[in-house]
Amino acid sequence: MAECMPAALLPMPWQALNGVASPALLPALGIRASDRFGRHGGRGKLRIANFVALSGSPGIWAPSAMNSTLLAASEINARGGILGREIEVLFLDASGAAEDIARRVENVVASGEVDVIVGSHTSAVRVALRRHIAGRIPYIYTTVYEGGERTPGVIAIGETPLTQSRPAIHWMAEVKKASRWYLIGSDYVWPWLSHQSMKRYVTESGGQVVGEEFVPVGEDDYGAHLARIRKARPDVVLVSLIGGDSIAFNRQFAEQGLAPKVLRLASAFDETVLLGIGPDNTENLFCASGYFNCARSGDTEAFVSRYEAAFGASAAPAGSVGQSNYEGLKFLEEAARRAGSLALKPLLAAGSNIVYRGGRGPIALQQGHAAMPIYLAEAEGIEFRVVETF
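What you are looking at is a predicted structure, and each value in this text was computed from that prediction instead of being measured. (Residues numbered from 1 in each chain as written. Predicted model: local features only at pLDDT ≥ 70, side-chain atom pairs only at ≥ 80, totals over all residues. Heavy atoms only, no water.)

Colleague: Which residues make up the overall build of the chain, and what values do they have?
Modeller: Scanning the chain from terminus to terminus reveals twelve helices and 16 strands. Every one of the 390 residues in the chain was classed for burial, and the buried ones make up 59%. Within the chain, contacts between residues separated by at least 24 positions form 68% of all contacts whose residues are at least 6 apart in sequence. Accessible area of the chain: about 14,500 Å², with a carbon and sulfur share of 52%. (Helix = DSSP H or I, 4+ residues; strand = E, 2+ residues; numbered from the N terminus. Buried < 20%, exposed > 50% of the residue type's maximum accessible area, 1.4 Å probe, protein only. Contact = heavy atoms within 4.5 Å. Areas by Shrake-Rupley, 256 points an atom, 1.4 Å probe, with all protein chains shown as cover.)

Colleague: For helix α2 (residues 62-78), give the residues involved together with the corresponding values.
Modeller: For α2, which comprises 17 residues, the first-to-last C-alpha distance of 24 Å matches the rise-based estimate of 24 Å (1.5 Å per residue) to within 8%. Positioned one or two residues after α2, Gly80 has a phi angle of 105°, which is positive. (Expected span 1.5 Å × (residues − 1).)

Colleague: How would you sum up the sheet that holds strand β6 (residues 154-156)? Please name residues and give values.
Modeller: The strands making up a sheet associate through backbone hydrogen bonding, with each pair oriented either parallel or antiparallel. Strands sit in the order β3-β2-β4-β5-β6 across an open sheet of five strands; the sheet is parallel. Every other strand in the sheet has two partners, leaving β3 (87-93) and β6 as the edge strands with one partner each. Between one strand axis and the next, the sheet turns through 20° on average, direction left out of account. In this sheet, β3 lies alongside strand β2 (residues 46-52) in parallel orientation, the contact comprising seven bridges. By the bridge assignment for β3, Ile48 is matched with Val89. Of the strands in this sheet, β2, β4 (116-119), β5 (139-141) and β6 touch helix α4 (residues 123-133), which is tilted by about 170° from β5. (Pairing = 2+ DSSP bridges. Axes fitted to C-alpha atoms, helices over the stretch in contact; angles between N-to-C directions.)

Colleague: Any details on the pattern of salt bridges? Residues and values, ideally.
Modeller: In this structure the tally under the stated criterion is 22 salt bridges. Arg103 is paired through a salt bridge with Asp100; the nearest N and O atoms lie 2.1 Å apart. Here the residue Arg103 and the residue Asp100 both occupy positions in helix α3 (residues 98-111), the gap between them amounting to three residues, near one helical turn. The partly exposed category is assigned to Asp100, whose relative accessible area is 35%. Residue Glu159 pairs with Arg360 through a salt bridge whose shortest N-O separation is 3.3 Å. One end of the pair, Glu159, is in the loop between β6 and α5 (161-175); the other, Arg360, is in the loop between β12 (353-358) and β13 (361-366), with 201 residues separating them in the sequence. Both residues of the pair, Glu159 and Arg360, belong to the buried class. Counted as one network, the salt bridges with shared partners bring together Arg126, Arg130, Glu146 and Glu149. (Salt bridge = Lys/Arg side-chain N within 4 Å of Asp/Glu carboxyl O.)

Colleague: How would you summarise the sheet that holds β13 if you had to cite specific residues and measurements?
Modeller: Across the sheet, three strands lie side by side as β12-β13-β14; this open sheet has antiparallel pairing. Two strands lie at the open edges of the sheet, namely β12 and β14 (369-371), each paired on one side alone. Recorded for the sheet is a direction-independent mean angle of 25° between the axes of neighbouring strands. Summarising the sheet, β12 and β13 pair through six bridges and their orientation is antiparallel. Residue pairing across strands places Val355 opposite Ala364, the latter belonging to β13. In the packing of helix α12 (residues 344-352) onto the sheet, the strands contacted are β12 and β13, and the crossing angle to β12 comes to about 80°.

Colleague: Tell me about the packing of aromatic side chains, residues and numbers included.
Modeller: Throughout the structure, instances matching the rule amount to twelve aromatic pairs. For the pair Phe303 and Tyr307, a centre-to-centre distance of 6.0 Å together with 45° between the ring planes defines the contact as tilted. Of this pair, Phe303 and Tyr307 both sit in helix α10 (residues 298-311), separated by four residues, roughly a single helical turn. Tyr307 matches Phe303 in its accessibility class, with the two residues each being buried. Through pairs of rings, three or more aromatic residues link up here, namely Tyr291, Phe303, Tyr307, Phe311 and Tyr326. Its guanidinium or amino end placed over the ring of Tyr141, Arg126 lies 5.0 Å from that ring's centre, counting from NZ or CZ. (Phe/Tyr/Trp six-rings, centres within 6.5 Å; stacked < 30°, edge-to-face > 60°. Lys NZ or Arg CZ within 6 Å of the ring centre and 35° of its normal.)

Colleague: Talk me through the pairing of strand β8 (residues 208-215); I want residue IDs and the actual numbers.
Modeller: Here strand β7 (residues 180-186) runs beside β8; their pairing, made up of seven bridges, is parallel. Bridging across to β8, Ile184 finds its partner in Glu213. Of the crossover connections in this fold, the one passing from β7 over helix α6 (residues 189-204) to the parallel β8 is right-handed. (Right-handed = clockwise from strand over helix to strand, strands pointing away.)

Colleague: Please provide a residue-by-residue account of the environment of Gly59, values included.
Modeller: Positionally, Gly59 belongs in the loop between β2 and α2. Residue Gly59 is classed as buried on the basis of its relative accessible area of 15%. What Gly59 contacts, discounting residues up to four positions off in sequence, is Ala53 and Leu54.

Put into structure tokens, the structure is as follows:
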């Protein structure tokens with residue numbers, strides 16, 4: 001078992017590491033507005049747009065996502081860039097209605113401002129964006145998702161329910177003797193489709209689903225939902241709520257006295273969310289993920305060390321969602337090296353079967369399936385402790 005290092009919930013220092021952001025964020029990054037590339041600027045540079053939610057429920061991950069992106073860009077640029085082209089990063093807001101964000105990306109792509117799109121936003125945004133991006137420029141989707149992405153030009157490199165949730169559900173059934181399961185998730189495509197898979201895995205494990213519901217994104221009052229959970233008497237609640245919604249639910253879950261009696265197993269959950277929940281509300285809370293800061297492999301230790309050296313020990317913890325942005329650029333670097341080109345078709349061909357190294361170590365991507373160790377961790381206060389590796 002690996003002991004996780006505690007994270008500090010303190011103001012996050014920002015640094016600009018060979019990157020540029022949207023105008024509203026430039027002062028925070030220490031960059032003048034005149035430094036921002038425009039449609040005709042930076043002709044020899046590789047221009048990467050990173051779509052990050054800056055507000056709303058997933059906005060809690062913006063600091064770590066932006067930090068991780070800038071760290072990757074800095075490291076790659078120090079090695080001479082990608083195929084000799086220095087990276088410039090433009091952060092664009094992925095908050096709000098998915099179709100509004102899609103129109104934003106349509107304008108960016110049509111203007112020729114960017115060469116590659118990267119993002120760790122919600123799957124609802126991905127589904128909207130891919131209609132405007134697919135087949136035009138590479139689009140790398142970095143974070144945990146529901147699986148099955150096959151749109152030409154879209155490369156998804158995150159964990160899926162098959163590799164992330166299935167072994168964790170079987171472990172809970174075998175080790176914790178869990179047989180009654182209640183599923184609660186945010187009301188959009190990632191929980192919808194992930195729950196379909198999870199319910200199959202529950203049945204495989206010999207269990208039964210005693211309840212399921214989807215909650216509008218942004219919900220902050222879970223009283224009625226918790227009453228239904230209490231009435232259903234589950235052994236485990238599978239939590240597929242996003243960002244700040246997961247914080248609110250898990251706080252109220254513990255405050256209503258359910259934590260000592262009912263296990264929780266969460267997805268899209270990391271050190272940032274754990275800090276928001278607070279040390280008094282994390283009893284019997286588990287999470288399955290391909291990345292934890294406490295999963296101290298040599299690669300992870302080195303990544304965390306570089307991250308803290310760049311942004312300070314009190315920076316927002318990298319976490320699985322934030323760190324996935326680092327891996328997005330590392331994947332792009334290796335795929336371009338193998339292809340010898342940044343053109344869409346050769347890049348996609350090279351990236352379809354590839355092994356690259358990210359913050360967690362080597363990841364193998366084969367025909368759209370990412371293979372990596374999956375860790376099951378239990379929360380202890382505001383720390384994670386890895387209890388099993390799959």
